[in-house]
Amino acid sequence: MAYKLDAKTPAGPLAEKWSNHKAAIKVVSPANKRKLDIIVVGTGLGGASAAASLGELGYNVKIFCISDSPRRAHSIAAQGGINAAKNYQNDNDSIYRLFYDTIKGGDYRAREANVYRLAEVSNLIIDQCVAQGVPFAREYGGLLANRSFGGAQVSRTFYARGQTGQQLLLGAYSVLNKEIAAGSVKSYPRHEMLDIVIENGEACGIIARNLVTGEIERHGAHAVVIATGGYGNVFFLSTNAMASNGSAAFQCYRKGAGFANPCFTQIHPTCIPVHGTQQSKLTLMSESLRNDGRIWVPKKMEDVEAIRKGAKLPSDIAEEDRDYYLERRYPAFGNLVPRDVASRAAKERCDAGFGVNETGLAVFLDFKTAIERLGKETIKQRYGNLFDMYEEITDVNPYEQPMQIFPAVHYTMGGIWVDYNLMTTIPGLYAIGEANFSDHGANRLGASALMQGLADGYFVLPYTIGDYLAKKIQAPKIDTTTKAFDEAEAGVRARIERLFAIKGNQSVDDIHKRLGLIMWDNVGMARTKESLEKAIVEIQALRKEFYKDLKLVGDNNSFNVELEKALRLEDFLELGELMARDALNREESCGGHFRSEHQTEDGEALRHDDKFAYAAVWEYKGIDEVPEMTIEPLEYEFVHRAQRNYKD
Amino acid sequence: MNFTLKIWRQRDAKSQGAFETYKVTDISADTSFLEMMDILNNNLIHEGKEPVAFDHDCREGICGMCSMHINGHAHGPSQAVTTCQMYMRKFKDGSTITIEPWRSAAFPVIRDLVVDRGAYDKILQAGGFISVRTNSVPDGNAIPIPKKDADESMDAAACVGCGACAATCKNGSAMLFVAARVSSLAKLPQGKVEGARRAKAMVAKMDELGFGNCTNTGACQAQCPKSISIAHIARLNREFLAAKLQD
Ligand SMILES: Cc1cc2nc3c(=O)[nH]c(=O)nc-3n(C[C@H](O)[C@H](O)[C@H](O)COP(=O)(O)OP(=O)(O)OC[C@H]3O[C@@H](n4cnc5c(N)ncnc54)[C@H](O)[C@@H]3O)c2cc1C
Ligand code: SF4
Ligand code: FES
């Protein structure tokens, strides 16, 4: 049965939609809030800010995370910064401009109303974080400093050295702690959600595994919020933290929640290149480096070869022999083009043979000009910790030789479908942060994920969830002894037993690495009909192999990381196929989704607005069944959809 | 490169632990310490043995999850890095590496190299925050803050909560961790309002949870992966004294 999708976009002028909506939705009285329970899964920026704000409002909140403390969620690793339309730099920034840049950056595949609201609340986020004690960078006059990020011509990114995500998360975690101390939030660290429970079509709780004892637990609530982050680790190698996964989102999908635009993956242009086969994770070099770093490869093949052999150092190459290809191709934005554009341009140069390391898969990010202009000290102040990290990993000093970088999987724009209230297709089930699909279209701009996570958690969900919960004020506590809970728990137990029973020969990592390669080669930076069809067949075969040949050691009744990983891989093996199917369906190029068959003469992404101006929302039909797609048309009332142009 | 690994294995908090010896071979110098552990674990799985449990997540030195005592040092012999940021080129080919969990009464072992650091969360819950409500705050630029103060606040805020300080301290004191948070907030006008109450509440919680007293040995600063300075402990002591005087 196809979905009947209602985005619940409020009527009226763009700038008034959110205010009108807030005035129209229901609120719950303080006395009634005390009777309502909410589960938040995930303690990143989205989950922590939501749980703290909901706790403050008086709801009873339970919050879950995989790590040993809420403070360690993957959000902690964000380096570069967070956007807001403050216009503190007086460079003619505005809510409208941030909205427009985000819509355009996303290649016109996001909902106008959602993105406008995001830009509208962005300023509140900065105020909120400052008040929490987040030590944002400041100018000598004591006011907040900004830097520039890709896809924008204004300077609107707020930052705390190279540790913005850490500081924002510590801010959210601190107010979460305040609520935990006050008793309104109860924290469950080292707990992993393994299923969502649905009763009468509404979300009513979760099944979680205590990762220390292995106990399977039932938790009931009047609403469940999924804030479990993105699924980039389907590629095995990515910049995501090791435990980042797509499982909670996939469990919701299995139980009926629509999954939107799964193929929209962001490949980040500035990561440390892959070396060898022993690597477990890729390291991002923050986009902020593109403020002062210039990206290039040699113009002459003989220089490329000399560098690869070690006969020449990059610094030996004369200015006129360097191809600053982003500045050449995109004069207006230069090194600050959006990520998808920068990544493809790097791939183009490397495909043409100009890659500068032994694998041919690397380009230079050079600070020579900036150091000459600003001095080493200033560069050190701006990026010191990133330079140190680079040297630690590669043994090369980036003050003297350029960094080597290459694109890597970084972020997933796709996710659980949500309406304007951030509710999924299942009533009472919400998705926020990277886990949902809402605001970034086909490509996310730098410094906008942190903004979105905190917008959802502090300023949107705490209001919109009231509209649903107002209907629940008479509802009793959720009974966790019902058939729905019995079945969900039995399902989880059966899944775990099945994996232990396989007793094959390949470890989780062995299989995950193979899945990653299939994904990277066929569902990566450039996709074709053939590559996607191939991926689907190969993933299906690998999935069969997984169920026949997985080797899982240990037991279920104690701390067992291999079991955790196996369960996540099991979901990735289905999610990867879904991504390929979505990419196959979308016969156009847009943002991070590049179908080689659809490009302009100069190799830019070619959209087909007549056919694909929609969000593709997938409905689960069973493990080896073809899912059903419903479309949510994206009507543009306020912005004219143009071919993205970063040239002039 | 080849290494002999002496690793602490312990089934759970109640069991007795012991060292086991393993060999890893053909490790590239560019491999990170934790990737080397991944290789060992994958080998163990193929031998049908249980892999070594260890905490990790970001592998970029920022989440504070990794926590190994290596050759007698918290986070290993390198200065100012977390376990996950160490590369095998820092070790001598053919050498023996000893790997243990954090040893601290306040951090019980969960399994092998994994410990329970919940006590650090509890200390922060006691007062490591500014009591603001969502949406009830002034404009971000309403209070100018001298750059120097903001920078010093950031220096202290770089703490990743890894627990190396308490695990290194012969008294098992969590003072550096507590001081980092108190000091970071005390440097900002927003944080000053509750400064006295915060310092008192956090120190009281630390004592209650069984952490030892600080005798200023400075061992914590030397092992802290984020080079948090013990100068913050002096600031905490000032805050604490001021709080006591107000009583
Ligand atoms: C290296 C790096 C740098 C980045 N830099 C920037 C930047 O500068 N600016 C920017 O805007 N964005 C940046 N991003 C993107 C941004 O950090 C993320 O998109 C964002 O932090 C996601 O936040 P989140 O709250 O949605 O989820 P996360 O922070 O990923 O948190 C997910 C939470 O869910 C929990 N969880 C997951 N599954 C389960 C389960 N089944 N049961 C229980 N708990 C579960 C996890 O334990 C965790 O607590 C960066 C990303 C990376 C990888
Ligand atoms: S002060 Fe240093 S050693 Fe202690 S928890 Fe913080 S980062 Fe770790
Ligand atoms: S794994 Fe995150 S700090 Fe080491």
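Residues numbered from 1 in each chain as written. Chains lettered and ligands numbered in written order. Predicted model: local features only at pLDDT ≥ 70, side-chain atom pairs only at ≥ 80, totals over all residues. Heavy atoms only, no water.

Draft legend 1. Region of interest: the pattern of salt bridges. All names here are of chain A. This model, assessed by the stated rule, comprises 77 salt bridges over all chains. We note a salt bridge from D93 to R156, for which the minimum N-O separation is 2.9 Å. With D93 in the loop between β3 (82-83) and α4 (95-105) and R156 in the loop between α5 (112-132) and β4 (157-158), the pair connects residues that are 63 residues apart, well separated along the chain. One exposure class covers both D93 and R156, and it is buried. A single salt-bridge network, built from bridges that share partners, covers D107, R109, R586, E588, R607 and D609. (Salt bridge = Lys/Arg side-chain N within 4 Å of Asp/Glu carboxyl O. Helix = DSSP H or I, 4+ residues; strand = E, 2+ residues; numbered from the N terminus. Buried < 20%, exposed > 50% of the residue type's maximum accessible area, 1.4 Å probe, protein only.)

Draft legend 2. Representation of the interface of chain B and chain A. Taken residue by residue, the interface counts 74 residues in chain B and 77 residues in chain A. Of the roughly 6,300 Å² buried where chain B meets chain A, counting both sides, 51% is carbon and sulfur surface. Broken down residue by residue, the surface that chain B buries against chain A is led by E60, K147 and M154 of chain B, which jointly contribute 11%. One can count eight salt bridges joining chain B with chain A. Taken together, chain B and chain A are joined by 46 residue pairs in polar contact (both at pLDDT 80 or more). Of all the elements in the fold, those that place two or more residues in the side of chain B that touches chain A are α1 (33-46), β6 (109-111), β7 (114-115), α2 (118-125), α3 (147-157) and α5 (175-186) of chain B. No other element matches the seven residues that α3 of chain B contributes to the side of chain B that touches chain A. Among the residues forming the side of chain B that touches chain A, the class breakdown is 33 nonpolar, 19 polar and 22 charged. (Contact = heavy atoms within 4.5 Å. Buried area = accessible area lost by both parts, 1.4 Å probe. Polar contact = N/O pair within 3.5 Å; in protein donor to acceptor, adjacent residues only side chain to side chain. Nonpolar A, V, L, I, M, F, W, Y, C, P; charged D, E, K, R; others polar.)

Draft legend 3. Layout of α5 of chain A. Residue and element names in this part refer to chain A. For α5, spanning 21 residues, the distance from its first C-alpha to its last is 31 Å, which sits close to the expected 30 Å at 1.5 Å a residue. Within α5, the axis deviates most sharply at V121, by approximately 35°. Counting buried positions along α5 gives 19 out of 21 residues, so the element sits mostly inside the fold. Following α5 by one or two positions, G133 has its phi on the positive side, about 95°. (Expected span 1.5 Å × (residues − 1). Bend = angle between axes of the 7 residues up to and from the residue.)

Draft legend 4. Local environment of the site of ligand 2. Residue and element names in this part refer to chain B. Every one of the 13 residues lining ligand 2 counts as a neighbour, but C159, C162, G163, C165 and C224 are closest to it. Where the shell around ligand 2 is concerned, the elements lending two or more residues are α4 (164-168) and α5. Taken together, the residues that form the shell around ligand 2 break down as 11 nonpolar, two polar and no charged. (Near = heavy atom within 4 Å.)

Draft legend 5. Broad picture of the packing of helix α7 (residues 247-254) of chain A against helix α17 (residues 561-585) of chain A. Residue and element names in this part refer to chain A. Look at α7 against α17: their axes get within 9 Å of each other, and the N-to-C directions meet at 65°. You can see that α7 and α17 cross each other, and the crossing is left-handed. The segment α7 lies against α17, with S247, F250, Q251, Y253 and R254 engaging L567, R568, D571, E574, L575 and L578. Among the residues forming the contact of α7 with α17, the class breakdown is five nonpolar, two polar and four charged. (Axes fitted to C-alpha atoms, helices over the stretch in contact; angles between N-to-C directions. Left-handed = near helix turned anticlockwise from the far one by under 90°.)

Draft legend 6. Just the site of ligand 1, in detail. Residue and element names in this part refer to chain A. Ligand 1 sits among 37 residues. The nearest are S75, G80, M193, E434 and L450. Within the backbone of A449, one N or O atom sits 2.9 Å away from an oxygen atom of ligand 1. Alone, ligand 1 offers 1,000 Å² of accessible surface; in the complex the protein occludes 97% of this. If you list the elements that add at least two residues to the shell around ligand 1, you get α3 (45-57), β6 (191-199), β15 (403-412) and α13 (449-469). Of the residues forming the shell around ligand 1, the biggest block, three residues, is contributed by β6. (Areas by Shrake-Rupley, 256 points an atom, 1.4 Å probe, with all protein chains shown as cover.)

Draft legend 7. Main features of the environment of A222 of chain B. Along the chain, the position of A222 of chain B falls in helix α8 (residues 219-223). Residue classification places A222 of chain B among the partly exposed residues on the basis of a relative accessible area of 41%.

Draft legend 8. Spatial organisation of the environment of E56 of chain A. Within the secondary structure, E56 of chain A is located in helix α3. As for E56 of chain A and K178 of chain A, which are separated by 122 residues in sequence, their C-alpha atoms are 9.2 Å apart. A polar contact of 2.8 Å, which involves the side chain of E56 of chain A, links it to the backbone nitrogen of T134 of chain B.

Draft legend 9. The arrangement of the side chain of D93 of chain A in detail. Residue D93 of chain A is classed as buried on the basis of its relative accessible area, which comes to 5%. Each residue touching D93 of chain A, except ones within four places of it in the same chain, is listed here: A84, A85, N87, L98, V154 and R156 of chain A.

Draft legend 10. Representation of the domain arrangement of chain A. Residue and element names in this part refer to chain A. Taken domain by domain, chain A consists of domain 1 (14-264 + 413-472), domain 2 (272-408) and domain 3 (483-610). Measuring from the centre of the C-alpha atoms in domain 1 to the corresponding centre in domain 2 gives 33 Å. With both chains or domains summed, domain 1 and domain 2 bury close to 2,000 Å², and 55% of this area falls on carbon and sulfur atoms. Counting the surface domain 1 buries against domain 2, the share from its top three residues, Q79, L237 and T239, is 28%. Applying the counting rule to domain 1 against domain 2 returns zero salt bridges. Of the residues contributing to the side of domain 1 that touches domain 2, the split by class is eight nonpolar, 13 polar and three charged. (Domains from an automatic or database assignment.)

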